[in-house]
Amino acid sequence: LVIYGAALARPLPRETAGVVVALCLGTYSPTAMAEAAGKAASEASRMLEYATDDRNKQCTPYPVHLFASSFLENPKMLRLILAHCNRNKCPLTPTLRRSLLELTLAEWNNAKRSGDTEAEKLRRKEAITALTDAHCSDIGDCDALVLVQLAGFSEGELLLYERLQMVPMLLARYAQDGGDRARRQMLAMCRNDPEVLAG
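Residues numbered from 1 in each chain as written. Predicted model: local features only at pLDDT ≥ 70, side-chain atom pairs only at ≥ 80, totals over all residues. Heavy atoms only, no water.

## Points about the nonpolar core
Part 1 of the reasoning: Grouped together as the largest cluster of nonpolar side chains are 22 residues, with contacts concentrated most on Cys24, Val64, Phe71, Ile81, Leu82 and Cys85.
Part 2 of the reasoning: Ignoring anything within four residues of it in the chain, the contact list for Val64 reads Cys24, Leu82, Cys85, Cys90, Pro91, Leu92 and Leu96.
Part 3 of the reasoning: By size, the runner-up hydrophobic cluster in this structure holds 20 residues, among which are Ala127, Ala130, Leu145 and Tyr174. (Core = buried A, V, L, I, M, F, W, Y, C linked by side-chain atoms within 4.5 Å. Buried < 20%, exposed > 50% of the residue type's maximum accessible area, 1.4 Å probe, protein only. Contact = heavy atoms within 4.5 Å.)

## A look at unusual backbone geometry
Part 1 of the reasoning: Even without glycine at this site, Lys89 takes up a positive phi of about 60°.
Part 2 of the reasoning: Take Lys89: it is sitting in the loop between α6 (75–87) and α7 (94–114).
Part 3 of the reasoning: Looking at Lys89, the relative accessible area reads 74%, which means it is exposed.
Part 4 of the reasoning: In this structure, Gln165 takes a positive phi of about 55° despite not being glycine. (Helix = DSSP H or I, 4+ residues; strand = E, 2+ residues; numbered from the N terminus.)

## A look at helix α9 (residues 141–151)
Part 1 of the reasoning: Of all the positions in α9, only Ala144, Leu145, Leu147, Val148 and Ala151 are classed as buried. The buried side chains of α9 occupy one side of the element, clustering within an arc of 165° when seen end-on. Exposed residues pointing more than 90 degrees away from the buried face of α9 are listed as Cys142 and Leu150.
Part 2 of the reasoning: Next to the buried residues of α9 lie α7, α8 (117–132) and α10 (154–163).
Part 3 of the reasoning: A positive backbone phi angle near 75° is found at Gly152, which sits one or two residues after α9. (Arc of directions from axis to C-beta.)

## A few points about the pattern of salt bridges
Part 1 of the reasoning: Counted under the stated rule, the structure contains 9 salt bridges.
Part 2 of the reasoning: Of the charged contacts in the structure, one is a salt bridge between Glu73 and Arg10, with a shortest N-O distance of 2.9 Å. Of this pair, Glu73 sits in the loop between α5 (65–68) and α6 while Arg10 sits in the loop between α1 (5–9) and α2 (13–25), and the two are 63 residues apart along the sequence.
Part 3 of the reasoning: Taking the shortest distance from any N to any O, the salt bridge between Arg124 and Glu155 comes out at 2.8 Å. With Arg124 in helix α8 and Glu155 in helix α10, the pair connects residues that are 31 residues apart, well separated along the chain.
Part 4 of the reasoning: The exposure class assigned to Arg124 is partly exposed, which follows from its relative accessible area of 32%.
Part 5 of the reasoning: Among the charged side chains, a network of salt bridges with common partners joins Arg79, Glu107, Arg123 and Glu126. (Salt bridge = Lys/Arg side-chain N within 4 Å of Asp/Glu carboxyl O.)

## Some thoughts on a nonpolar patch on the surface
Part 1 of the reasoning: On the surface, Leu1, Leu8 and Leu12 cluster together into a nonpolar patch covering about 210 Å² of accessible area.
Part 2 of the reasoning: As for its position among the elements, Leu12 is in the loop between α1 and α2.
Part 3 of the reasoning: In this structure Leu12 comes out as partly exposed when scored by relative accessible area, which is 40%. (Patch = residues over 30% accessible without salt bridge, like charges linked within 9 Å, V, L, I, M, F, W, Y side chains within 5 Å. Areas by Shrake-Rupley, 256 points an atom, 1.4 Å probe, with all protein chains shown as cover.)

## Describing the packing of aromatic side chains
Part 1 of the reasoning: For the coordinates displayed, the defined rule picks out 2 aromatic pairs.
Part 2 of the reasoning: Aromatic side chains Trp108 and Phe153 sit 4.9 Å apart centroid to centroid with 75° between the ring planes, which places their arrangement in the edge-to-face category. With Trp108 in helix α7 and Phe153 in the loop between α9 and α10, the pair connects residues that are 45 residues apart, well separated along the chain. Each member of the pair, Trp108 as well as Phe153, is classed as buried. (Phe/Tyr/Trp six-rings, centres within 6.5 Å; stacked < 30°, edge-to-face > 60°.)

## Digging into the packing of α9 against α10
Part 1 of the reasoning: Contact geometry of α9 with α10 gives a least axis separation of 9 Å together with a crossing angle of 155°. Put simply, α9 runs roughly antiparallel to α10. The interaxial crossing formed by α9 with α10 has left-handed handedness. Contact residues: Asp141, Ala144, Leu145, Val148 and Gln149 in α9; Gly156, Glu157, Leu160, Tyr161 and Arg163 in α10.
Part 2 of the reasoning: Within the contact of α9 with α10, the residues separate by chemical class into 5 nonpolar, 2 polar and 3 charged. (Axes fitted to C-alpha atoms, helices over the stretch in contact; angles between N-to-C directions. Parallel < 35°, antiparallel > 145°, perpendicular 65-115°, else oblique. Left-handed = near helix turned anticlockwise from the far one by under 90°. Nonpolar A, V, L, I, M, F, W, Y, C, P; charged D, E, K, R; others polar.)

The structure is reproduced here in structure tokens:
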């Protein structure tokens, strides 16, 4: 699968993704896969949606990065695999975490443009989770800031401005917003930072 994954992923993306997820979680079993062959597409979709428990372990889990390149031509499926493996606490390299954030923001942007509010809300939640989870330092705050700025994800920008303590950028963003919450935030920042008051 490491060698021929891309060739399999082109004609059978869901089925290949199901096998990859099973290998990464350690739940792969040739007999179980053979039994599920008739209903492979629905099985693969179910595998990608729900978390698994340790009782279902059948084999040694494989690292996700071995199979990620197989889905470069199918970014939606790659995002699904990475998101599922991340939810199930499979180790992801910093590059794959960055790719997950980038792909999630791209889908958020597409949903926003197409008016799909449900997908937009889901991807927004996933992007915020990627920016705030325990492994967010793997991405790097500066890299994440560039990604959210390119996507136009203002909520992520604010979060990262606060984390990076970029006071001038925060003040400019709050002034641009102009809402009550933004005014309160600006006043609180000015009270807490004597340098802002002097400027």
